[in-house]
Amino acid sequence: MAKLGLPKVKLPRLLADVPADVTERDPDFIREMMPRLWLAAGLYFRAEVNGLELVPDEPVLFVGNHSGGASAPDSFVFQLAYLTKFTVDGRPLFSLGHQLVTGAPVIGKYTRKFGVVTAGFEAAVQILRDGNSVLVYPGGDVDALRPWFDRNKITFDGRQGFLRLAHEAGVKIVPVVATGGHDTFLVLNDGRKTAKQLGFDKLLRVKTLPITLSFPWGFLPGGLPYIPFPAKIRVQVLDPIDLRDRFGDDPDWDEAYDYVSSVMQVGLAKLATRTILPVLG
Amino acid sequence: MSASARVTRTINRPVAEVAEVATDPEQLFAHFVGFARFVHVDDSDDDSLWDVFLGVGSYEVGSRVMLRRTAPNKLEWTSVRGARNSMRLVVEPYIDDPTKSRVVVALRFELQGGLLARLASGIARGIVERHVLAGLESLRHQLEYGD
């Protein structure tokens, strides 16, 4: 605010507190939704998910890159594939979501039924210790709204909480990379400076506010839910990483962060070679 | 008409260490898993012949190339049959940091025709750049982490 010459005021919090509550996950609702979501994933996005056989039969922390702003179609494609392979009741999968998602009117309720919980360290540790798996996108909105020319780049924005989470809960990290989500709309720039200058980082905990081109909004600052272009979505699960095995009981977090990011960057770049034309796949 | 693709990647290892791997065709091509074929055909003096084919969807595009290490940090190829193309890989020192290096790959290719060739070259450039970048990322990861 000060940067724009506006008086400094204490900004109100616009988001409702939605504590992580695993009991809100509704297996019956998920089972009911799966066929129609698969129809969308299969026909509209021609989704391909590979590597699920690499997932060990134990609680794991899935760490992914996601694209497509608020719609993030690659995230729902992966969750569908997981639920199909491991069944809805097999080993529940909880996704850590932004408060903006879990606390949103109407949509928030449905995402929570699908197993999305508000991101929080203690709650996530407990979910893993209870025998569930967790899906996290460390880059958050900065990742989901990165510029289109960075679509094949791992963007975690230096956030290392996921490493501490896996280490504390004693679970392996299973990296998941995805392409195509960023072809469902177009992000034209890096909007981190704009978000900061407008105070969005404090008001909404949104770190980026880029200019996007989407249907039906056209050009718009930020990433409201939109109707995605029918881009081909590819998801690849990579080999699990055991942090304790590789970095010991007291890891150098920077080193571990660089390693996991590097593994995922290699995986994402390889997956991107399968794209012949953006959107068409 | 001709078109070119240029990809650059920084690697956290000194030039000599990177150049040793990056200019050795056997070691380098092992990282380009997206390429459909890398087959060593023959050797003659300082040159070696390779078949280099890129997998594009359900078909393969490429050529037989004459490959030469022109300097300890440079690798070049020129096509001798098939699709006309040339490639130049250079490992450069990273500015102000001798522990890092920069790998630059420039690939030039020719397509016959007018508008369609222009369109095809645009598509081909994207495909080539993604494949080369994936190969360089794999090379970087191996040099930095030994995986």
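One can find the structure itself at the top, above this paragraph.
Treat the numbers as computed from the prediction; the structure is a model and nothing was measured. (Residues numbered from 1 in each chain as written. Chains lettered and ligands numbered in written order. Predicted model: local features only at pLDDT ≥ 70, side-chain atom pairs only at ≥ 80, totals over all residues. Heavy atoms only, no water.)

A. Quick peek at helix α11 (residues 253-272) of chain A. Residue and element names in this part refer to chain A. Helix length check: α11 (20 residues) gives 28 Å between terminal C-alpha atoms against 28 Å at 1.5 Å per residue, within 8%. The buried fraction of α11 amounts to 16 of the 20 residues, a majority that puts the element mostly inside the structure. For α11, the N-terminal capping position is held by Asp-252, with its side-chain oxygen 3.0 Å away from the main-chain nitrogen of Asp-254. (Helix = DSSP H or I, 4+ residues; strand = E, 2+ residues; numbered from the N terminus. Expected span 1.5 Å × (residues − 1). Buried < 20%, exposed > 50% of the residue type's maximum accessible area, 1.4 Å probe, protein only. Polar contact = N/O pair within 3.5 Å; in protein donor to acceptor, adjacent residues only side chain to side chain.)

B. Examining the pattern of salt bridges more closely. Taken as a whole, this structure holds 26 salt bridges over all chains when the rule is applied. Across the pair A:Glu48 and A:Arg274 runs a salt bridge whose closest N-O atoms are separated by 2.5 Å. Residue A:Glu48 is found in strand β1 (residues 48-50), and its partner A:Arg274 is found in the segment after α11; the two are separated by 226 residues along the sequence. By relative accessible area, A:Glu48 is classed as partly exposed at 24%. Ionic pairing is found between A:Arg246 and B:Asp147, a salt bridge with its closest N-O pair at 3.5 Å. (Salt bridge = Lys/Arg side-chain N within 4 Å of Asp/Glu carboxyl O.)

C. Local environment of the sheet that holds strand β1 (residues 2-11) of chain B. Residue and element names in this part refer to chain B. On the basis of which strands lie adjacent, the open sheet formed by seven strands has the order β1-β7-β6-β5-β4-β3-β2 and antiparallel pairing. Where the open sheet ends on each side, the last strands, each with one partner, are β1 and β2 (35-44). Mean inter-strand twist for the sheet, computed between neighbouring axes without regard to direction, equals 20 degrees. Relative to strand β5 (residues 74-82), strand β4 (residues 59-71) runs antiparallel, the two being bridged by seven bridges. Of the residues in β5, the one forming a bridge with Leu-67 is Trp-77. In this fold helix α1 (residues 15-22) packs onto β1, β4, β5, β6 (85-94) and β7 (97-110), with an angle of close to 160 degrees to the strand it touches most, β6. This element, helix α3 (residues 115-145), spans β1, β2, β3 (47-56) and β7 of the sheet and lies at about 20 degrees to β1. (Pairing = 2+ DSSP bridges. Axes fitted to C-alpha atoms, helices over the stretch in contact; angles between N-to-C directions. Contact = heavy atoms within 4.5 Å.)

D. Structural context of the packing of helix α7 (residues 161-169) of chain A against α11(A). Residues and elements named next belong to chain A. Here α7 crosses α11 at 100 degrees, and the two axes come no closer than 10 Å. By the angle between their directions, the pair α7 and α11 is classed as roughly perpendicular. Along the contact surface, α7 presents Phe-162, Leu-163, Arg-164 and His-167, while α11 presents Trp-253, Ala-256, Tyr-257 and Val-260. Per-class residue counts for the contact of α7 with α11 are six nonpolar, one polar and one charged. (Parallel < 35°, antiparallel > 145°, perpendicular 65-115°, else oblique. Nonpolar A, V, L, I, M, F, W, Y, C, P; charged D, E, K, R; others polar.)

E. Summary view of α1(B). All names here are of chain B. Within α1 the residues assigned to the buried category are Val-18, Ala-19, Val-21 and Ala-22. Across the axial projection of α1, the buried residues extend over an arc of 165 degrees, all falling on one side. For α1, exposure combined with an orientation more than 90 degrees from the buried face picks out Ala-16 and Glu-20. (Arc of directions from axis to C-beta.)

F. Up close: unusual backbone geometry. All names here are of chain A. At the junction of Phe-215 and Pro-216, the peptide bond is cis and its omega measures out at 5 degrees in the coordinates. Positive phi, close to 35 degrees, is recorded for Ala-72, a residue that is not glycine. Positionally, Ala-72 belongs in the loop between β2 (60-64) and α2 (73-86). Despite not being glycine, Arg-205 shows a phi value in the positive range, around 55 degrees. Judged by its relative accessible area of 46%, Arg-205 falls in the partly exposed class.

G. Geometry of the sheet that holds β1(A). Residue and element names in this part refer to chain A. Across the sheet, seven strands lie side by side as β1-β10-β6-β2-β5-β3-β4; this open sheet has mixed pairing. Pairing within the sheet leaves two strands with one partner each, and these edge strands are β1 and β4 (116-118). Strand-to-strand, the axes of this sheet are offset by a mean angle of 25 degrees, without reference to chain direction. By the bridge criterion, three bridges tie strand β3 (residues 93-97) to strand β5 (residues 133-136) in an arrangement that is parallel. Residue pairing in the sheet places Phe-94 in a bridge with Val-134 of β5. In the packing of α11 onto the sheet, contacts are made with β2, β6 (172-179) and β10 (234-237), and the angle to β6 comes to roughly 30 degrees.

H. Focus on the interface of chain B and chain A. Contacts between the two partners involve 14 residues from chain B, matched on the other side by 16 residues from chain A. Summed over both partners, the interface of chain B with chain A buries about 1400 Å², with 63% contributed by carbon and sulfur atoms. Seen at the junction of chain B and chain A, the total is one salt bridge. The interface formed by chain B and chain A holds seven residue pairs in polar contact (both at pLDDT 80 or more) in total. A per-element tally of the side of chain B that touches chain A places α3(B) first, with 10 residues. Here the side of chain B that touches chain A is built from residues that sort into six nonpolar, four polar and four charged. (Buried area = accessible area lost by both parts, 1.4 Å probe.)

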